Protein chains: 4
Amino acid sequence: MKALIYHGPGKKNLEDVPRPALREATDAIVRVTKTTICGTDLHILKGEVPSVMPGRILGHEGIGVIEEAGAGVSRFRKGDRVLISCITACGKCANCRRYMPSHCEQGGWLLGHTIDGTQAEFVRIPFADTSLHLIPEGADEDSMVMLSDILPTGYECGVLNGAVKAGDTVAIIGAGPVGLSALLTAQLDAPGKIIVVDLDDNRLEVAKQFGATAVVNSADGKAAEKVLALTSGKGVDVAIEAVGLAATFEICQHIVGAGGHIANIGVHGASVTLHLEKLWSQNITITTRLVDAVTTPQLLKSVMAGKLKPKPLITHHFPLGEIIKAYDTFGNAGRAHALKVIVTNE
Amino acid sequence: MKALIYHGPGKKNLEDVPRPALREATDAIVRVTKTTICGTDLHILKGEVPSVMPGRILGHEGIGVIEEAGAGVSRFRKGDRVLISCITACGKCANCRRYMPSHCEQGGWLLGHTIDGTQAEFVRIPFADTSLHLIPEGADEDSMVMLSDILPTGYECGVLNGAVKAGDTVAIIGAGPVGLSALLTAQLDAPGKIIVVDLDDNRLEVAKQFGATAVVNSADGKAAEKVLALTSGKGVDVAIEAVGLAATFEICQHIVGAGGHIANIGVHGASVTLHLEKLWSQNITITTRLVDAVTTPQLLKSVMAGKLKPKPLITHHFPLGEIIKAYDTFGNAGRAHALKVIVTNE
Amino acid sequence: MKALIYHGPGKKNLEDVPRPALREATDAIVRVTKTTICGTDLHILKGEVPSVMPGRILGHEGIGVIEEAGAGVSRFRKGDRVLISCITACGKCANCRRYMPSHCEQGGWLLGHTIDGTQAEFVRIPFADTSLHLIPEGADEDSMVMLSDILPTGYECGVLNGAVKAGDTVAIIGAGPVGLSALLTAQLDAPGKIIVVDLDDNRLEVAKQFGATAVVNSADGKAAEKVLALTSGKGVDVAIEAVGLAATFEICQHIVGAGGHIANIGVHGASVTLHLEKLWSQNITITTRLVDAVTTPQLLKSVMAGKLKPKPLITHHFPLGEIIKAYDTFGNAGRAHALKVIVTNE
Amino acid sequence: MKALIYHGPGKKNLEDVPRPALREATDAIVRVTKTTICGTDLHILKGEVPSVMPGRILGHEGIGVIEEAGAGVSRFRKGDRVLISCITACGKCANCRRYMPSHCEQGGWLLGHTIDGTQAEFVRIPFADTSLHLIPEGADEDSMVMLSDILPTGYECGVLNGAVKAGDTVAIIGAGPVGLSALLTAQLDAPGKIIVVDLDDNRLEVAKQFGATAVVNSADGKAAEKVLALTSGKGVDVAIEAVGLAATFEICQHIVGAGGHIANIGVHGASVTLHLEKLWSQNITITTRLVDAVTTPQLLKSVMAGKLKPKPLITHHFPLGEIIKAYDTFGNAGRAHALKVIVTNE
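Think of each chain on its own: its residues are numbered from 1, step by step along the sequence as written. Each chain takes a letter, starting from A, and each ligand takes a number, starting from 1, following the order in which they are written. Restriction of local features to residues with pLDDT of at least 70 applies here, the model being predicted, together with a cutoff of 80 or more for giving and counting side-chain atom pairs; totals for whole chains, interfaces and linings are based on all residues. In computing side-chain properties, one takes all heavy atoms of the structure into account and sets aside hydrogens as well as water.

On to the interface of chain C and chain D, then. Interface extent is often summarised as the accessible area lost during association of the parts. Opposite the 14 residues of chain C that make contact, chain D presents 14 residues. Carbon and sulfur atoms supply 52% of the area buried between chain C and chain D, which totals about 1,200 Å² over both sides. For salt bridges, the criterion is a side-chain nitrogen of Lys or Arg within 4 Å of an Asp or Glu carboxyl oxygen. At the boundary of chain C with chain D, the tally comes to zero salt bridges. Whenever two N or O atoms come within 3.5 Å, that pair is a polar contact, provided that in protein one can donate a hydrogen and the other can accept it, and provided that, for residues adjacent in sequence, both atoms are side-chain atoms. At the boundary of chain C and chain D, one finds two residue pairs in polar contact (both at pLDDT 80 or more). Only DSSP runs of H or I covering at least 4 residues are called helices, and only runs of E covering at least 2 are called strands; the numbering of each starts at the N terminus. Of the residues forming the side of chain C that touches chain D, the biggest block, three residues, is contributed by helix H11 (residues 296-304) of chain C. Looking at the side of chain C that touches chain D, its residues break down into six nonpolar, four polar and four charged. Contacts are residue-level and defined by heavy atoms, with any inter-residue pair within 4.5 Å sufficient. As a working definition, buried area equals the accessible area (1.4 Å probe) given up by two parts on being put together, with both sides summed. Nonpolar residues are Ala, Val, Leu, Ile, Met, Phe, Trp, Tyr, Cys and Pro. Charged residues are Asp, Glu, Lys and Arg, and all others, Gly as well, are polar.

Written out as structure tokens, the structure reads:
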């Protein structure tokens, strides 16, 4: 089958490799019909995720059709259309049982990381019963792909951890796909104001179309002052960090009001400065989270009900044969005005 | 001044009475500019609320302008435009401090009940600092009147107590003003489906316009079966009782799914049958609540942000001089296609 | 093997039957070393649980040793000492994933109900990985048996559902094993006062030894008045119903204070009267629950830490060969001063 | 009257000053019968709290008797015995209404900070109705002093913010009075293990007497490794920082397990390093809080019920005339084996 292989920093190739086979009774083999590329895949290609070994098939998002189900799989059978969760969950360990499969003892983020992933014609899914979701009749397939990772990431790490509630003032730092996903899902909780901060005016324009009530370009280094001005100096109820840099985490610390929340989504490569000399008395809550994807069934309901509309996140489509081009487009998102790209295999 | 006086069961009159004066330092006198009529006022007129004595000025909703503030009032001064809460809160007692001013030791529901109310040119508001809210610049005044009682009632007793969350299936039994208020405020939490049940097709049509995703006419006694059918037999996540009768509470018990909520808003005049022989094992939660109006500031933000639009609740306007006609209209809501009526004094 | 068989209302027998065998890959066969008898077993014997068919081996509590584990069992192997949960959980269905395995699509209360139970030398446990718990080194075995059902029942249905918090005043209606279990586990949340109500002075004496701060004998029909007097007329924060009768649920409605909780544990055979004509405005919460046993790992930690001491719940021991005598003792608990009886098979 | 006056860094004096008088109708004058010294008072004396101006009477804790109540005070009258909250709450502003009076628009930490405090014969208490608590009959007076600040600080900033629950493993870094207060109040939630870390063996010995299940001396710089070893490498559920230094916050980051909480109590004078490069994916929650003292009524119930016993926190007593000596003792806590010192004025 065709698959996108990582060959060490800076190297990737679409090549023919053997199809995966069942290894455990709880595995399923899924024929991938649509997948996508995540910012994390770009990090891997830069060599920033050393736990990914050369030879690995990348990709942890996608939908497909059950090709073969192990004897221990009871919830799915050949032919079922399924949504692949970016988090593999054994469903049995202490962390799975406390809604935290991101830290599953045998699972967690495996696909395209420590086992082969979804940017291929077929993928082996361990613990299929607790790591796949049935796609309902009538669902839009492109939208389903957004439920593998990016929507639960924005919702769980940003919106739920930030405890967004009706009437709140929310700031989202970063208007890339993850920030926009937080922006979309935040609206499930009806905040009064959503201020989006980014360096790129195009992205800010997109943020407005996605529901931002105000946007702030941070290129002049005055984002914090501008956000504070928009809140009459009181600061925001919730600051969502969707970049992963010290500078953006710094903005969050400046703009969060007393009693507020800083919800970190960004993947950080270095430590940051925490201003406890100011914040110790400000009654704030800071959260971090690797997405657990436990809200996927709930978000799926919201998509089916038309309350959550992920399609605008998708800007480009490519066949699997052109996945290298898809990577180029996604990797130059600014120039290409790209958000998420769908890679189709049909 | 003109005021609508209750003279015992079946008797009311608009007449001239002395203007109220300050009694305590924490009082304010408010010149009422807009008020409305509540279903509770109709109950009072039927003699069903014996704690209301003849001679009482009715009304517990409205907005106005501070005419005079006692020496102990620090948050408002003459000329401020204010929203009157239906719940008077001392702000100091144990119940006020646990967000339950409905059971305030000195307050609670006083206006138009145990002290004179708002269906008059002026009203005395005890504990003004904690029982009034400043109306922001640019607010729609009619919408503000809906924040005195009906919106917090739907939201607190129905939506919050029912723990509505994104993707849920919610049923609202009763499409009168209170049920519609639950319907409007439930949408702040983005449920997937909202099924509204009522006897009246006109009201059900209105419910659709207010955002119901399905409606069920209960006239044939088969409402429960129909709601269950709409949920593939699983039952609803949240059943909101917005009528106050044994029969409607019975429907709620039939349609609530395992793990679900029954949130009672209705004012009940008689006991009901609770089917613990079935429900003991169904992991359900039943709540009751006299509105606390503690969410009014939050709902005010939602209205100002355009996330909550209460204007469609208002179907009629009358000057204070025609309040008897306003009562007739509201009292014959079905025939008049009336929801809330605004009574203006300007 | 020896097993206690139900032969229809009023009939039970200890007899030799074939040992159970694995049926599914996710099954385990457990050699039962200790079991106990539940009030529910007595209900079954009275014919009040028609879903139990004649020929059934009774019992849903106990500990033992893994005799054989199916190919799909990954967390246990032959020789492991295990605690058997009264609730069988597939770990995969929507209800299991929302912490509600009592309503598991394939599990729930199966043992000694719709499949053979633990009052035998061996028992087949479906979904063993998610329905058994490893017994830690050094654990007291009798105490472990109390974690199968009665402690999580008291804690989940009574204490957690009742939202008991430090300083609260709690009333527990019924001082049988379930009420005493609520009494023990309530103390994990440090309520200020715990008032226990029962008809039997001996039981009330036991309740005092278990930590009740006051006891009320309800034989004179004045329990509610007495409890109210103990709370200066304010009512309790939490009323826990641990009997299952209309009369005891009635007491709960009388004694619950505004803003309080009624947590039902009792198994009710008939409907009750709910006084919504009074309670509609009292901001109360009523909960029901079939135990989910999801807190067993947490309670196990509390037992191992010495914070929860269940041994006093155990009053009698019998070998499996004398289980009929054990039933007699438990069935005449009042006369025998019996709480829980341990039935040992070694 | 006698009062302890701050005269700038390093300078304090007990001198005669005029008695305070009522300024606002909502004020009360309290004759202070017992007060104490807080670590914050030592910070002030080192000049580290520049908002405290020379000439200020120090002290924000204590109990006393109402000497005079303003016309606007309704809950207290001359002669009432009262507990003084370290946080002054207007009870009316948005922050007071969301249980966060630490950030009250007109109140917050005022006593011994921006207005004269309690280390004097008399003190003026603004917003007396919402800033004092009635002392119940039979209460131990020394214990009541512990409810002004230190117990709610340990409970709110450490235990509640840390979300301690039954069975948890908790680490408390710092065994000074604040850490010990967290240790005492944590036991209201029945954690399974409480590990206390400090540099001083004497304090660790005290911690054991207060209920620590394990202690770790951090003098060798290996505290984190030792705590991890005590948790089989998994890390703690809750790490409570009760010192206020970068080094101790660093320990917390090392020992917190996935899904855990870091609850900061310490007053930090400098920023710290936050290891987001590791923690971004660890699903942790970090909280900060200036005590709100909103749990004082609840803790008062727990003290009266005997569930919380603060007396061992008190090691020394001095008359007001010897308050300089009391400061010496408290300021050399290590040498003097001092925890809290009571200063009496009778």
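Once the structure has been displayed, the description carries forward.
Once that is clear, we can look at a positive patch on the surface. Patches here: salt-bridge-free residues with over 30% relative accessible area, like charges joined within 9 Å, nonpolar side chains (Val, Leu, Ile, Met, Phe, Trp, Tyr) joined within 5 Å. Values of accessible area rely on a 1.4 Å probe in the Shrake-Rupley scheme; residue burial ignores everything except the protein chains shown. This count recognises Lys and Arg as positive and Asp and Glu as negative, with His and chain-terminal groups excluded. Every charge is mapped to an atom, namely NZ of Lys, CZ of Arg, CG of Asp or CD of Glu. Positive charge collects at one region of the surface, where Arg98(B), Lys193(C), Lys234(C) and Lys301(D) lie side by side. Summarising the element assignment, Lys301(D) is placed in helix H11 (residues 296-304). The rule is simple: take the accessible area with a 1.4 Å probe, protein chains only, and divide by the maximum for that residue type; under 20% is buried, over 50% is exposed, in between is partly exposed. The partly exposed category is assigned to Lys301(D), whose relative accessible area is 44%.

Let us now look at the sheet that holds strand E8 (residues 169-173) of chain C. The pairing criterion is simple: DSSP has to find at least two bridges between the two strands. The 12 strands are arranged E10(B)-E9(B)-E8(B)-E11(B)-E12(B)-E14(B)-E14(C)-E12(C)-E11(C)-E8(C)-E9(C)-E10(C) in an open sheet whose pairing can be described as mixed. With one partner strand each, in any of the chains shown, strand E10 (214-217) of chain B together with strand E10 (214-217) of chain C form the two edges of the open sheet. Between one strand axis and the next, the sheet turns through 15° on average, direction left out of account. A fitted line through C-alpha atoms represents every axis, and for helices the fit uses only the stretch in contact; the resulting angles, taken between N-to-C directions, go from 0 to 180 degrees. Of the strands in this sheet, strand E8 (169-173), strand E11 (236-241), strand E12 (256-264) and strand E14 (285-287) of chain B touch helix H9 (residues 246-255) of chain B, which is tilted by about 155° from E12(B). Helix-sheet contacts for helix H9 (residues 246-255) of chain C involve E8, strand E11 (236-241), strand E12 (256-264) and strand E14 (285-287) of chain C, and the interaxial angle to E12(C) is about 155°.

Our next topic: the packing of aromatic side chains. Within 6.5 Å between ring centres, the rings of Phe, Tyr and Trp (the latter by its six-membered ring) count as paired, and their orientation is classed by plane angle as stacked under 30 degrees, edge-to-face over 60, tilted in between. Counting across every chain of the model gives two aromatic pairs over all chains. Between Tyr99(A) and Tyr99(C), the ring centres sit 4.5 Å apart and the planes meet at 80°, which makes this aromatic pair edge-to-face. You can see Tyr99(A) sitting in the loop between helix H2 (94-97) and strand E6 (122-125) and its partner Tyr99(C) sitting in the loop between helix H2 (94-97) and strand E6 (122-125), one on each of two chains. Judged by its relative accessible area of 31%, Tyr99(C) is partly exposed. Here, a charge over a ring means that NZ of Lys or CZ of Arg falls within 6 Å of the ring centre while also lying within 35 degrees of the ring normal. The ring of Phe122(B) is capped by Arg19(B), whose NZ or CZ atom sits 3.9 Å from the centre of that ring.

Residue and element names in this part refer to chain B. Along the chain, Val341 falls in strand E16 (residues 340-344). Residues Val341 and Ala326, spaced 15 residues apart in sequence, show a C-alpha to C-alpha distance of 6.7 Å. With sequence-adjacent residues up to four places away left out, Val341 is seen in contact with Thr35, Thr36, Ile37, His316, Phe318, Ala326, Thr329 and Phe330.

A word on the interface of chain D and chain A. On the side of chain A, 33 residues touch chain D, which itself brings 33 residues to the contact. Together, the buried faces of chain D and chain A total about 2,800 Å²; carbon and sulfur atoms form 59% of this surface. Counting the contacts that link chain D with chain A gives zero salt bridges. The tally of links between chain D and chain A comes to 25 residue pairs in polar contact (both at pLDDT 80 or more). Among the secondary structure elements, those contributing two or more residues to the side of chain D that touches chain A are strand E12 (256-264), strand E13 (272-274), helix H10 (276-279) and strand E14 (285-287) of chain D. For the side of chain D that touches chain A, a count of residues per class yields 13 nonpolar, 16 polar and four charged. Pairing geometry for strand E14 (residues 285-287) of chain A and E14(D), over three bridges, is antiparallel. Looking at the pairing, Thr285(A) lines up with Thr287(D) of E14(D).

All names here are of chain C. Of note, Arg19 is situated in the loop between strand E2 (12-16) and strand E3 (28-36). On the accessibility criterion, Arg19 (47% relative accessible area) is partly exposed. Sequence separation between Arg19 and Val206 is 187 residues, and the spatial gap between their C-alpha atoms is 40 Å. Discounting chain neighbours no more than four positions away, the residues touching Arg19 are Met1, Glu67 and Phe122.

Rotating chain C by 180° about the axis while translating it 0.0 Å along that axis superimposes it on chain D, leaving an RMSD of 0.0 Å. The transformation just described matches what one would write down for a two-fold rotation axis. Residue Asp189(C) of chain C places its C-alpha closer to the rotation axis than any other residue of that unit, at 2.7 Å. For the least-squares superposition of copies, only C-alpha atoms count, and only for residues with pLDDT at least 70 in both.

This paragraph deals with the environment of Leu147(B). Residues and elements named next belong to chain B. Checked against the element boundaries, Leu147 lands in the loop between helix H4 (141-145) and helix H5 (150-160). Measuring from C-alpha to C-alpha, the distance between Leu147 and Ile63 comes to 9.4 Å, with 84 residues separating the pair along the chain. Leaving out residues up to four positions away in the same chain, Leu147 has contacts with Leu83, Pro152, Thr296, Leu299, Leu300 and Val303.

Another aspect to go through is the pairing of strand E9 (residues 193-198) of chain B. Remember that side chains alternate between the two faces of the sheet whenever the strand is regular. Residue and element names in this part refer to chain B. Of all six residues that make up E9, five are buried, and the element is covered over most of its length. Across five bridges, the pairing between E8 and E9 is parallel. Each residue of the ladder has a partner; that of Ala171, found in E9, is Ile195. With respect to chirality, the unit in which E8 leads through helix H6 (residues 177-186) into the neighbouring parallel E9 is right-handed. Bridging between E9 and E10 involves four bridges; their strand directions are parallel. Within E10, the residue paired with Val196 across the bridge is Val215. Place the viewer so that the strands point away; then a crossover is right-handed whenever the path from the first strand over the helix to the second strand goes clockwise.

Counted by the stated rule, this structure contains 63 salt bridges over all chains. Salt bridges linked by common partners bring Arg19(A), Glu67(A) and Lys78(A) together as one network.

On to the sheet that holds strand E8 (residues 169-173) of chain A. Here we have 12 strands laid out as an open sheet, ordered E10(A)-E9(A)-E8(A)-E11(A)-E12(A)-E14(A)-E14(D)-E12(D)-E11(D)-E8(D)-E9(D)-E10(D), and mixed in their pairing. Strands with a single pairing partner mark the edges of an open sheet, and in this sheet they are strand E10 (214-217) of chain A together with strand E10 (214-217) of chain D. Neighbour-to-neighbour, the strand axes of the sheet open up by a mean angle of 15°, direction not taken into account. Taken together, the three bridges between E12(D) and E14(D) define a ladder with parallel strand orientation. If you follow Ile262(D) over to E14(D), its bridge partner there is Ile286(D).

What follows covers the packing of helix H8 (residues 223-230) of chain A against helix H9 (residues 246-255) of chain A. Residues and elements named next belong to chain A. Orientation of H8 relative to H9, taken along the N-to-C sense of each, is 30°, at an axis distance of 9 Å. Considered as vectors, H8 and H9 are oriented roughly parallel to each other. Relative to H9, H8 is oriented so that their crossing is right-handed. Of the residues in H9, those touching H8 at Ala223, Ala224, Val227 and Leu228 are Ile251, His254 and Ile255. In the contact of H8 with H9, the residues fall into six nonpolar, one polar and no charged. By the definition adopted for this analysis, an angle is roughly parallel if under 35 degrees, roughly antiparallel if over 145, roughly perpendicular if from 65 to 115, and oblique otherwise. Crossings are assigned a handedness: left-handed for a near helix turned anticlockwise from the far helix by less than a right angle, right-handed for a clockwise turn.

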